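# Tertiary structure, described
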Amino acid sequence: VGLGAVWMSGRFKRIALNAILLISAIISMGVTARLFEQLLSSAESPRAQCGYAVNAIVPADVPIIVSATSYSLDNGVSNNYQEPEIFFYSQRHGWSLPADQHTAEKIIEFRNEGASYFVVYSEHLLNSSLQLKDYLDKNSIQVGPGIEKGCAIFAFIQPSEQIQP
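As the structure is a computational prediction, the values presented were derived from the model and not from experiment. (Residues numbered from 1 in each chain as written. Predicted model: local features only at pLDDT ≥ 70, side-chain atom pairs only at ≥ 80, totals over all residues. Heavy atoms only, no water.)

### So, unusual backbone geometry
- Non-glycine residue Gln91 carries a positive phi angle of around 60 degrees.
- Inspection of the secondary structure assignment puts Gln91 in the loop between helix H3 (85-90) and strand S4 (94-97).
- For Gln91, a relative accessible area of 62% corresponds to the exposed category. (Helix = DSSP H or I, 4+ residues; strand = E, 2+ residues; numbered from the N terminus. Buried < 20%, exposed > 50% of the residue type's maximum accessible area, 1.4 Å probe, protein only.)

See the structure below:
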(Lines give C-alpha, C1' and ligand atoms only; values in the text may rest on other atoms or scores of the structure.)
Protein backbone atom coordinates (compact mmCIF):
# COMPACT_ATOMS: atom_id res chain seq x y z
CA VAL A 1 0.00 0.00 0.00
CA GLY A 2 2.84 2.38 0.80
CA LEU A 3 4.49 1.93 -2.61
CA GLY A 4 1.14 2.40 -4.36
CA ALA A 5 0.54 5.67 -2.51
CA VAL A 6 4.01 6.97 -3.43
CA TRP A 7 3.47 5.96 -7.09
CA MET A 8 0.01 7.63 -7.16
CA SER A 9 1.28 10.86 -5.57
CA GLY A 10 4.06 11.11 -8.18
CA ARG A 11 1.58 10.50 -11.00
CA PHE A 12 -0.85 13.04 -9.54
CA LYS A 13 1.89 15.69 -9.36
CA ARG A 14 2.70 15.17 -13.07
CA ILE A 15 -1.00 15.41 -14.02
CA ALA A 16 -1.42 18.56 -11.92
CA LEU A 17 1.73 20.09 -13.39
CA ASN A 18 0.59 19.32 -16.96
CA ALA A 19 -2.85 20.79 -16.23
CA ILE A 20 -1.29 23.97 -14.83
CA LEU A 21 0.98 24.29 -17.87
CA LEU A 22 -1.95 23.77 -20.24
CA ILE A 23 -4.10 26.37 -18.46
CA SER A 24 -1.17 28.83 -18.46
CA ALA A 25 -0.62 28.31 -22.19
CA ILE A 26 -4.32 28.90 -22.93
CA ILE A 27 -4.36 32.09 -20.84
CA SER A 28 -1.16 33.36 -22.51
CA MET A 29 -2.56 32.73 -25.98
CA GLY A 30 -5.77 34.55 -25.04
CA VAL A 31 -3.91 37.58 -23.69
CA THR A 32 -1.65 37.66 -26.77
CA ALA A 33 -4.65 37.48 -29.10
CA ARG A 34 -6.34 40.35 -27.24
CA LEU A 35 -3.20 42.53 -27.38
CA PHE A 36 -2.82 41.81 -31.10
CA GLU A 37 -6.47 42.77 -31.67
CA GLN A 38 -5.90 46.08 -29.82
CA LEU A 39 -2.77 46.75 -31.87
CA LEU A 40 -4.67 46.23 -35.11
CA SER A 41 -7.58 48.42 -34.01
CA SER A 42 -5.22 51.26 -33.05
CA ALA A 43 -3.97 51.27 -36.66
CA GLU A 44 -7.47 52.42 -37.64
CA SER A 45 -7.47 55.40 -35.24
CA PRO A 46 -7.67 58.95 -36.69
CA ARG A 47 -4.06 59.67 -35.70
CA ALA A 48 -2.88 56.48 -37.37
CA GLN A 49 -4.77 57.45 -40.52
CA CYS A 50 -3.14 60.88 -40.37
CA GLY A 51 0.24 59.16 -40.01
CA TYR A 52 -0.46 57.13 -43.14
CA ALA A 53 -1.36 60.36 -44.98
CA VAL A 54 1.89 61.98 -43.83
CA ASN A 55 3.77 58.89 -45.04
CA ALA A 56 2.17 59.22 -48.49
CA ILE A 57 2.72 63.00 -48.83
CA VAL A 58 5.90 63.96 -46.96
CA PRO A 59 9.29 62.84 -48.36
CA ALA A 60 10.97 60.25 -46.12
CA ASP A 61 14.05 62.29 -45.20
CA VAL A 62 12.20 65.49 -44.27
CA PRO A 63 11.72 66.39 -40.57
CA ILE A 64 8.19 67.32 -39.50
CA ILE A 65 6.52 69.18 -36.65
CA VAL A 66 3.49 67.40 -35.13
CA SER A 67 1.08 69.20 -32.83
CA ALA A 68 0.12 67.55 -29.56
CA THR A 69 -2.98 68.10 -27.44
CA SER A 70 -0.91 67.66 -24.26
CA TYR A 71 0.72 70.58 -22.47
CA SER A 72 4.45 70.94 -21.77
CA LEU A 73 3.71 71.31 -18.03
CA ASP A 74 1.23 69.32 -15.97
CA ASN A 75 0.50 70.99 -12.61
CA GLY A 76 3.87 72.74 -12.79
CA VAL A 77 5.80 69.56 -13.56
CA SER A 78 7.46 68.86 -16.92
CA ASN A 79 5.22 66.62 -18.96
CA ASN A 80 6.14 64.17 -21.70
CA TYR A 81 3.72 65.82 -24.12
CA GLN A 82 4.70 63.79 -27.15
CA GLU A 83 1.94 61.87 -28.87
CA PRO A 84 3.95 59.49 -31.04
CA GLU A 85 1.24 57.89 -33.18
CA ILE A 86 1.70 60.18 -36.19
CA PHE A 87 5.49 59.80 -36.06
CA PHE A 88 5.14 56.01 -35.75
CA TYR A 89 2.62 55.47 -38.54
CA SER A 90 4.23 58.01 -40.89
CA GLN A 91 7.72 56.62 -40.27
CA ARG A 92 8.96 60.20 -40.05
CA HIS A 93 10.94 62.08 -37.41
CA GLY A 94 10.93 65.60 -36.07
CA TRP A 95 9.46 67.59 -33.21
CA SER A 96 6.30 67.48 -31.12
CA LEU A 97 4.68 70.82 -30.48
CA PRO A 98 2.83 70.91 -27.14
CA ALA A 99 -0.60 72.55 -27.00
CA ASP A 100 0.64 75.48 -24.91
CA GLN A 101 3.41 76.31 -27.40
CA HIS A 102 1.40 76.67 -30.62
CA THR A 103 3.09 79.89 -31.68
CA ALA A 104 4.68 81.15 -34.86
CA GLU A 105 7.94 81.62 -32.93
CA LYS A 106 8.09 77.95 -31.96
CA ILE A 107 7.32 76.85 -35.55
CA ILE A 108 10.09 79.19 -36.80
CA GLU A 109 12.50 77.69 -34.25
CA PHE A 110 11.80 74.17 -35.56
CA ARG A 111 11.94 75.37 -39.18
CA ASN A 112 15.37 76.85 -38.51
CA GLU A 113 16.36 73.38 -37.28
CA GLY A 114 15.16 71.78 -40.52
CA ALA A 115 11.41 71.15 -40.33
CA SER A 116 9.60 71.46 -43.65
CA TYR A 117 6.08 70.33 -42.73
CA PHE A 118 3.66 70.96 -39.88
CA VAL A 119 0.99 68.38 -39.02
CA VAL A 120 -2.03 69.22 -36.89
CA TYR A 121 -4.96 66.88 -36.26
CA SER A 122 -7.04 69.01 -33.89
CA GLU A 123 -9.16 71.84 -35.28
CA HIS A 124 -9.25 73.36 -31.79
CA LEU A 125 -5.44 73.52 -31.71
CA LEU A 126 -5.26 74.94 -35.21
CA ASN A 127 -7.71 77.70 -34.31
CA SER A 128 -6.33 78.35 -30.81
CA SER A 129 -3.67 80.79 -31.97
CA LEU A 130 -4.62 83.46 -34.50
CA GLN A 131 -0.94 84.39 -34.77
CA LEU A 132 -0.03 80.82 -35.75
CA LYS A 133 -2.95 80.56 -38.16
CA ASP A 134 -1.90 83.82 -39.80
CA TYR A 135 1.70 82.60 -40.03
CA LEU A 136 0.58 79.33 -41.66
CA ASP A 137 -1.66 81.22 -44.11
CA LYS A 138 1.30 83.37 -45.22
CA ASN A 139 4.09 80.76 -45.15
CA SER A 140 2.62 77.39 -46.07
CA ILE A 141 0.14 75.53 -48.19
CA GLN A 142 -2.16 72.83 -46.85
CA VAL A 143 -1.34 69.62 -48.72
CA GLY A 144 -2.98 66.94 -46.57
CA PRO A 145 -6.49 65.60 -46.25
CA GLY A 146 -7.48 68.71 -44.27
CA ILE A 147 -8.34 69.60 -40.70
CA GLU A 148 -11.99 68.66 -41.27
CA LYS A 149 -10.72 65.09 -41.85
CA GLY A 150 -8.45 65.22 -38.81
CA CYS A 151 -5.15 65.72 -40.61
CA ALA A 152 -3.93 69.09 -41.85
CA ILE A 153 -0.46 68.85 -43.35
CA PHE A 154 1.16 72.21 -44.06
CA ALA A 155 4.16 72.39 -46.40
CA PHE A 156 6.28 75.48 -45.80
CA ILE A 157 6.88 77.55 -48.93
CA GLN A 158 9.96 79.54 -47.87
CA PRO A 159 13.44 78.20 -47.32
CA SER A 160 14.11 77.56 -43.66
CA GLU A 161 17.41 79.44 -43.23
CA GLN A 162 16.97 81.77 -40.27
CA ILE A 163 13.31 82.61 -40.81
CA GLN A 164 11.91 85.59 -38.96
CA PRO A 165 8.22 85.99 -37.91
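### Observations concerning the nonpolar core
- Counting residues in each nonpolar core, the largest one holds 19 residues, and the members touching the most others are Ile65, Ile107, Phe118, Val120 and Leu136.
- Of the residues forming this core, the biggest block, 4 residues, is contributed by helix H4 (residues 104-112).
- Sequence-distant contacts of Ile107, that is, excluding residues within four places in its chain, are made with Ile65, Leu97, Phe118, Leu132, Tyr135 and Phe156.
- Among the nonpolar cores identified, the runner-up in size contains 15 residues, and Cys50, Ile86, Tyr121 and Ile153 belong to it. (Core = buried A, V, L, I, M, F, W, Y, C linked by side-chain atoms within 4.5 Å. Contact = heavy atoms within 4.5 Å.)

### As for the state of the cysteines
- Applying the stated criterion across every chain yields a total of 1 disulfide.
- A disulfide bridge connects Cys50 with Cys151, and the sulfur atoms are separated by 2.1 Å. Classification of the bridge connecting Cys50 and Cys151 rests on its S-S torsion, roughly 65 degrees, and on that basis the disulfide is right-handed. Here Cys50, found in helix H2 (residues 46-57), pairs with Cys151, found in the loop between strand S6 (140-142) and strand S7 (152-156); they are 101 residues apart in sequence, far enough to count as distant. Note on accessibility: Cys50 and Cys151 belong to one class, buried. (Disulfide = S-S within 2.5 Å.)

### Topic: the side chain of Ser90
- One can find Ser90 in helix H3.
- Look past the residues within four positions of Ser90 in its chain and what remains in contact with it is Gly51, Val54, Asn55 and Ile64.

### Focus on the packing of aromatic side chains
- Counted by the stated rule, this structure contains 4 aromatic pairs.
- When the centroid spacing of 5.4 Å and the interplanar angle of 20 degrees are considered together, the rings of Trp95 and Phe110 count as stacked. One end of the pair, Trp95, is in strand S4; the other, Phe110, is in helix H4, with 15 residues separating them in the sequence.
- When the ring of Phe118 is compared with that of Phe154, the centres are 6.3 Å apart and the planes differ by 25 degrees; the resulting orientation is stacked. Linking Phe118 in strand S5 (residues 117-120) with Phe154 in strand S7, this pair joins segments that are 36 residues apart in sequence.
- Phe118 gets classed as buried once you look at its relative accessible area, which sits at 0%.
- On the basis of relative accessible area, Phe154 is assigned to the buried category, the value being 9%.
- An aromatic cluster of at least three residues, connected via ring pairs, comprises Tyr52, Phe88 and Tyr89. (Phe/Tyr/Trp six-rings, centres within 6.5 Å; stacked < 30°, edge-to-face > 60°.)

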